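# An overview of the molecular structure
Spelled out, the chains give:
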Amino acid sequence: IDHTLLRPDASPEDIDKLCDEAMEHRFFSVCLNPCWAARASRKLRGSGVVVASVVGFPLGANTPEIKAMETRRAIRNGAREIDMVINVGALKSGNDELVLRDIKSVVEECVDGGAKCKVILETALLTDEEKRLASELAKKARANFVKTSTGFSTGGATAADVALMASVVRGAGMEVKASGGIGSYEDAMAMIEAGATRLGASASIGIVREAKLTTVSA
């Protein structure tokens with residue numbers, strides 16, 4: 001689980017709490033806005049919890065050059081994973097070349113900086129064919145993950161979308177991150193069963209507590 005806090009009004013104390021919770025519950029990472037990467041990195045040093053920073057968030061409408069710069073700075077500040085938003089408008093208008101260049105610009109900075117790249121498709125805004133195409137472009141750009149959603153659009157992750165994305169990228173050794181609206185253990189299990197290998201959630205603690213209760217009762 002990527003324990004997530006992307007609210008624009010997050011305070012330093014909120015970030016510290018997020019990191020403490022991630023260490024306590026042994027979440028894989030904290031996922032946060034890039035301005036907090038350095039603080040989280042200091043707080044989590046030696047804990048084994050990774051810092052993940054979003055890039056081009058939440059609209060994806062920055063230029064490839066700006067996303068590359070943002071990625072470089074986040075990695076310098078301690079991020080070891082980058083969750084970047086694609087240019088949705090470019091994808092929907094058939095400008096595959098720009099979408100590919102956009103993703104590659106971030107992937108190249110991640111390779112240079114020893115970080116992983118997750119590509120957020122914002123599935124709620126896409127047709128199934130566009131989801132397939134975006135997944136293919138992420139694969140072509142050699143990203144590490146495709147990810148469903150920002151959590152800031154008209155909808156979040158669905159099991160059907162996760163399964164569709166997994167069917168495109170799994171053969172290339174890529175993974176799928178489900179995020180957006182995952183609020184319960186039942187939601188989480190549906191995503192995992194559909195092919196997600198990572199979950200992004202702000203309700204992470206509730207999910208793991210529910211999981212423990214479910215395991216005990218089973």
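The structure this text deals with has already been given above.
Evaluated as defined, the whole model comprises 21 salt bridges. Two residues, Asp 2 and Lys 118, come together in a salt bridge whose shortest N-O distance is 3.3 Å. A residue pair is termed long-range when its members are at least 10 positions apart, and Asp 2 in strand β1 (residues 2–5) and Lys 118 in strand β5 (residues 116–120) qualify at 116 residues. Just as Asp 2 is buried, Lys 118 falls in that class too. Residues joined by salt bridges that share partners form a network here, namely Asp 2, Glu 81, Asp 83, Lys 118, Lys 147, Lys 177 and Arg 198.

Okay, the state of the cysteines next. Here the structure, examined in full by the defined rule, presents zero disulfides. Residue Cys 31 stays outside any disulfide, its sulfur separated by 12 Å from that of Cys 19, the closest cysteine. Residue classification places Cys 31 among the buried residues on the basis of a relative accessible area of 1%. With no disulfide of its own, Cys 117 has Cys 110 as its nearest cysteine by sulfur position, at a separation of 4.6 Å.

Cut-off values and rules
- Residues numbered from 1 in each chain as written.
- Predicted model: local features only at pLDDT ≥ 70, side-chain atom pairs only at ≥ 80, totals over all residues.
- Heavy atoms only, no water.
- Salt bridge = Lys/Arg side-chain N within 4 Å of Asp/Glu carboxyl O.
- Helix = DSSP H or I, 4+ residues; strand = E, 2+ residues; numbered from the N terminus.
- Buried < 20%, exposed > 50% of the residue type's maximum accessible area, 1.4 Å probe, protein only.
- Disulfide = S-S within 2.5 Å.

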